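# Structural features, examined
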Amino acid sequence: MNFTYEQSQPRVQPKADPNYFLHDETLNLVKEERRLTGLVIENLQKIQDSKLYLKMGYSSLFEYAVKALGYSESCAYRRTSAVKMARVMPEIKQKLNSGELNLTNLSMAQGFFAKVNADLARQKEILEKIENCSKRETEKILVREFGTKALAPKREVVQTASGDEALLHVRLKHETLKKLDRLKSLRAHKNPRMSYADLIDDMCEYMLKKLDPMKGDAKSRTAIARPKLNKPGHPHASPRYISPQLKRRIWQRDQGRCTYRDPKTDRRCESHHLLQIDHVLPVCRGGQASEQNLRLLCHAHHRLRELES
Ligand SMILES: [Zn+2]
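The structure reproduced in this document is the subject of the present report. (Residues numbered from 1 in each chain as written. Predicted model: local features only at pLDDT ≥ 70, side-chain atom pairs only at ≥ 80, totals over all residues. Heavy atoms only, no water.)

Our next topic: the coordination of the zinc ion. C258 (SG), C269 (SG), C298 (SG) and H301 (ND1) make up the full set of protein donors to the zinc ion, lying at 2.1 to 2.4 Å. For the zinc ion, the 4 donor atoms are set out with angles of 99 to 121° between them, so the coordination reads as tetrahedral. One chain supplies every donor for the zinc ion, spaced along it as C-x10-C-x28-C-x2-H. Of the two residues, C269 is situated in the loop between α13 (244-253) and β3 (276-279) and H301 in helix α14 (residues 299-308); the sequence distance between them amounts to 32 residues. Comparing C269 with H301 shows no difference in burial state: the two are buried. (Donors = N, O, S within 2.8 Å, 3.2 Å for Na, K, Ca; no water. Tetrahedral: all angles 85-135°; square planar, octahedral: opposite > 155°, others 65-115°. Helix = DSSP H or I, 4+ residues; strand = E, 2+ residues; numbered from the N terminus. Buried < 20%, exposed > 50% of the residue type's maximum accessible area, 1.4 Å probe, protein only.)

Together, V158, L168, V170, L172, L177 and Y196 make up an exposed nonpolar region whose accessible area comes to about 520 Å². For Y196, the location among the structural elements is in helix α11 (residues 196-211). (Patch = residues over 30% accessible without salt bridge, like charges linked within 9 Å, V, L, I, M, F, W, Y side chains within 5 Å. Areas by Shrake-Rupley, 256 points an atom, 1.4 Å probe, with all protein chains shown as cover. Salt bridge = Lys/Arg side-chain N within 4 Å of Asp/Glu carboxyl O.)

Mapped onto the elements, S60 comes out in the loop between α3 (52-55) and α4 (61-68). Classification of S60 as partly exposed rests on a relative accessible area of 25%. Sequence separation between S60 and S271 is 211 residues, and the spatial gap between their C-alpha atoms is 9.8 Å. Within the structure, the side chain of S60 is placed 3.0 Å from the backbone nitrogen of E63, a separation counted as a polar contact. (Polar contact = N/O pair within 3.5 Å; in protein donor to acceptor, adjacent residues only side chain to side chain.)

Buried residues of α13: Q245, L246, R248, I250 and W251, and no others. Among the residues trailing α13, Q255 stands out with phi positive, at a value near 55°.

So, about unusual backbone geometry. Positioned with a positive phi, N117 is a non-glycine residue whose angle comes to about 50°. Looking at where N117 falls in the secondary structure, it is placed in the loop between α7 (103-116) and α8 (120-129).

This is how it looks when you write it as structure tokens:
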């Protein structure tokens, strides 16, 4: 009998790697991960609807996601973007669950939608096109549909440098650069070798002196010591009128931050974004413009206050 070499050798089945079960286990975990992400999005939506994040002392859902839930800024951004999208397209929750869409692709698409003001029908059309696509494929589709202009977002990056310095990367219009150069020339008597960094510092000092209610020149500080406005009979005696001196005292006392506190945990908001002076006892109930009755609230907590009163 003639045997070929192949026939004469018994086939040896390679031994299955005992770690193969890890694949199935991981696959199940990924499915569970997607399901949990969908639940997180749903809960975030409920937290936004009930304004719980505001009541807990956070000025935005994003801040809540970062500080209370411990997400990184990019993770929080992707999740709050998905919440925003799910509000107008509830079907995306199901697609996130099944894996047809993922948070990265959604937030990338939302960046484009915002840039080009895409209407709802167009958004739905694009989301269908990026289903089951990788990040790179999604980017290609978005560029093909909207052009490269929408791809290049206006990025501003701040990096910590050594010591007390930071690196700031910003995209400027040529017109703005010309204005900066003009200012450098005008301030050359102060510093003939003024760098852009020196100029920005110079501009900050100037603007803060003008705009920051916590700052003020010596003349105004003298005025604090002798409040004379808002006395009965004075033309500005309205309880809504807050003199500049009183305003500054409130800003200084509250350290230029929102004073809202979570009634349960006593956590203070401390946001310094869009601060407003609020009457603790509203004017309509007899509240006065006095130091005891005034406080700083951020825009979000001022609105919450209005909604609840
Ligand atoms: Zn606040």
